Amino acid sequence: MTTRAPRTTVSWSQANARRLDRQFLSGRAPSAPHTAGDVSGGVAAMLGADAQVMPAAELSVALRAPGATRTDVRTALWTDRTLVKTFGPRGTVHLLPADELPMWTGALSAVPAGRNPFPRDARMTPEQVEEVVAAVGDALSGAELTIDELSDEVIARTGPWAGDLVMPAFQGMWPRWRQVLHLAGHRGVLCYAPNRGRKAMYTGPGTVPMPGPDATAALVGRYLRAYGPATPDHFARWLAAPRAWAGQLFADLAGAGAIEEVTFEDCGTAWVASGDTLFPSAAPSGVRLLPYFDAFTIASRPRERLFPGAAYGRALAGGQAGNFPVLLVDGTVAGVWHQRRTGKRIAVTVESLVPLDAGRTRALEERVEELGRALEGDPELTLGKVTVGGHA
């Protein structure tokens, strides 16, 4: 009779310390000179940089690549093309490593569609969805188009129904086909190109998605190495995927020996990549500033442990992470901050929810200097109340 080895038990402190290490946020980041590879490596480590606010994405990436600046991120994206701007987890715009795009598109296109949020008369049939995705891919092959130019091409290739103005937009209505714009990104037929003036541009990335089962297995493994231990529910929330699908995916991977169970404080049974059971013994320490929608604050769970006490109400928006830039003290959120730029001057206001002794204040000053270098400006620190609202 085979005796089953006891499960590894992981505390919140251990999990948080390892996540910080693997995000290059612990102060033990590699000290090698910066190269473009460092930029894409930082994006890979965080499993994509949320780019809803592009300057925040540039800062997220630069802070994970010692010595990097926002210009380095832009060079990697638009010149070297080691990064790609496209639709990633949760259907939101992300920066992703170009060499990982086959995995991302294979996995994202394998996620089952959730409930259709659009009114019945605005919806598209499955056949129409496929027709539009094919039309987008055809129109963008070897081309760079504005959204209006792409719309004309899609309607010409499909039919007038695709152009029906049925989707509520910011100051009007969008054509019907726009509801699957993110899906075209997930299928690997659309990504962003450099802006034309102030207009966003789209092009075809020319990628071939990995087979769905291989891609989802690879993504779960990467997710667990970055943010594990985690539960299927944690993964589903991060990806905006159906919980039942995520649960079955984890069960299948466990049966194949690709992931293994651990006991995780506050969660009970959770999962790590198979064999990946070593965790730091030292608790997190130090001070960090993270911008809007930073991947670490969005993906780390349980959220109430990352945002303890007063931070849960102050630094979240109805429980949603990312709407405020945050101050990390010893690995947990301990305040919010805001920056206002005027030319080269960057006025940084930090509102701490915990007392900062002399050592932590000096560390915060160093982090503000790092922020200034990354943003190529001259920072000035003020400790005080942040008066702007979320996502301002």
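Residues numbered from 1 in each chain as written. Predicted model: local features only at pLDDT ≥ 70, side-chain atom pairs only at ≥ 80, totals over all residues. Heavy atoms only, no water.

Caption draft 1: Highlighting the overall build of the chain. Tallying secondary structure elements over the chain gives 15 helices and 16 strands in all. A globule of 392 residues ought to have a C-alpha radius of gyration of about 21 Å, and the chain, at 22 Å, matches this closely. In terms of overall dimensions, the chain has C-alpha extents of about 70 × 65 × 40 Å along its principal axes. Counting all 392 residues of the chain, 50% fall into the buried class. Counted over contacts in the chain with a minimum sequence separation of 6, partners at least 24 positions apart contribute 63%. Roughly 17400 Å² of accessible area belongs to the chain as shown, and the carbon and sulfur atoms make up 52% of that amount. Within the chain, the 39 negative side-chain charges are centred at a point lying 4 Å from the centre of the 40 positive side-chain charges. (Helix = DSSP H or I, 4+ residues; strand = E, 2+ residues; numbered from the N terminus. Rg over C-alpha atoms; globule rule 2.2 N^0.38 Å. Buried < 20%, exposed > 50% of the residue type's maximum accessible area, 1.4 Å probe, protein only. Contact = heavy atoms within 4.5 Å. Areas by Shrake-Rupley, 256 points an atom, 1.4 Å probe, with all protein chains shown as cover. Lys, Arg positive; Asp, Glu negative; His and termini not counted. Charge placed at Lys NZ, Arg CZ, Asp CG, Glu CD.)

Caption draft 2: Expanded view of the side chain of Thr-105. When you line up the elements, Thr-105 lands in helix H5 (residues 101-108). Owing to a relative accessible area of 2%, Thr-105 belongs among the buried residues under this scheme. Excluding anything up to four places from it in sequence, Thr-105 contacts Gly-185, His-186, Arg-187, Gly-188, Thr-207 and Pro-209.

Caption draft 3: Seen up close, the nonpolar core. Core analysis: the biggest nonpolar cluster contains 87 residues, and Leu-95, Leu-150, Leu-190, Leu-219, Phe-235 and Trp-238 have the highest contact counts within it. The contacts of Phe-235, once residues within four sequence positions are left out, are Leu-219, Val-220, Tyr-223, Trp-245, Ala-246, Leu-249 and Phe-250. If you look at the next biggest cluster of nonpolar residues, it comprises 29 residues, including Tyr-292, Phe-296, Ala-311 and Ala-315. (Core = buried A, V, L, I, M, F, W, Y, C linked by side-chain atoms within 4.5 Å.)

Caption draft 4: Spotlight on the sheet that holds strand S11 (residues 268-273). Taken in spatial order, the three strands of this open sheet run S1-S10-S11, and their pairing is mixed. Only two strands of the sheet have a single partner each, and these edge strands are strand S1 (8-10) and S11. Strand after strand, the sheet turns through a mean of 45 degrees between neighbouring axes, direction not considered. Note that S1 and strand S10 (residues 259-264) share three bridges and pair parallel. Paired with Val-10 across the strands is Phe-264, a residue of S10. Its contacts with the sheet put helix H9 (residues 212-227) on S10 and S11, and the angle it makes with S11 is roughly 110 degrees. (Pairing = 2+ DSSP bridges. Axes fitted to C-alpha atoms, helices over the stretch in contact; angles between N-to-C directions.)

Caption draft 5: Broad picture of the packing of aromatic side chains. The full count for this structure, using the stated rule, is nine aromatic pairs. Aromatic ring contacts, followed pair by pair, group Trp-104, Tyr-223, Tyr-227, Phe-235, Trp-238 and Phe-250 into a single cluster. Above the face of the Phe-279 ring, Arg-18 is positioned so that its terminal group lies 3.8 Å from the ring centre. Seen from the ring of Trp-174, Arg-178 lies directly overhead, with NZ or CZ sitting 3.9 Å from the centre. (Phe/Tyr/Trp six-rings, centres within 6.5 Å; stacked < 30°, edge-to-face > 60°. Lys NZ or Arg CZ within 6 Å of the ring centre and 35° of its normal.)

Caption draft 6: Highlighting the environment of Gly-377. Secondary-structure assignment places Gly-377 in the loop between helix H15 (358-375) and strand S16 (378-383). A relative accessible area of 13% places Gly-377 in the buried class. In contact with Gly-377, other than residues within four places in its own chain, are Arg-341, Lys-344, Ile-346 and Gly-372.

Caption draft 7: Inspection of helix H7 (residues 147-158) at higher detail. Given a rise of 1.5 Å per residue, twelve residues ought to cover 16 Å, and the 16 Å separating the end C-alpha atoms of H7 matches this to within 8%. When we look at burial in H7, the residues that qualify are Leu-150, Ser-151, Val-154 and Thr-158. The buried residues of H7 occupy one face: seen down the axis, they fall within an arc of 105 degrees. Residues of H7 that are exposed and angled more than 90 degrees away from the buried face: Asp-148, Asp-152 and Ala-156. Considering only its buried residues, H7 is in contact with helix H6 (126-140), strand S5 (144-146), strand S7 (173-175) and helix H8 (181-186). (Expected span 1.5 Å × (residues − 1). Arc of directions from axis to C-beta.)

Caption draft 8: Representation of the sheet that holds strand S4 (residues 93-97). What the three strands build is an open sheet, ordered S2-S4-S3; its pairing is antiparallel. Taken across any chain shown, the strands that pair with only one partner, and hence form the sheet edges, are strand S2 (49-50) and strand S3 (83-87). Sheet analysis places S2 next to S4, joined by two bridges and oriented antiparallel. Residue pairing for S4: Asp-50 is matched across the bridge by His-94.

Caption draft 9: A look at the side chain of Arg-367. Secondary-structure assignment places Arg-367 in helix H15. Residue class for Arg-367 comes out buried when judged on its relative accessible area of 16%. For Arg-367, the side chain forms a polar contact with the side chain of Glu-370, separated by 2.9 Å. For Arg-367, the residues in contact, after removing those within four places along its chain, are Val-287, Arg-288 and Leu-289. (Polar contact = N/O pair within 3.5 Å; in protein donor to acceptor, adjacent residues only side chain to side chain.)

Caption draft 10: Just the pairing of strand S12 (residues 287-290), in detail. Every second residue of S12 is oriented toward a common face, with Val-287 and Leu-289 on one face and Arg-288 and Leu-290 on the other, all of them buried. In the sheet, S12 pairs with strand S13 (residues 326-329) via four bridges, with the strands oriented antiparallel. When the bridges of S13 are listed, Arg-288 appears paired with Leu-328.

Caption draft 11: Structural detail: the pattern of salt bridges. Going through the model one piece at a time under the given rule, you end up with 25 salt bridges. Where Asp-50 meets Arg-90, a salt bridge forms, and the shortest distance between an N and an O atom there is 3.5 Å. Separated by 40 residues along the polypeptide, Asp-50 in strand S2 and Arg-90 in the loop between S3 and S4 bring together distant segments of the chain. For Asp-50, a relative accessible area of 5% translates into the label buried. Taking relative accessible area as the criterion, Arg-90 reaches 26% and is therefore assigned partly exposed. (Salt bridge = Lys/Arg side-chain N within 4 Å of Asp/Glu carboxyl O.)

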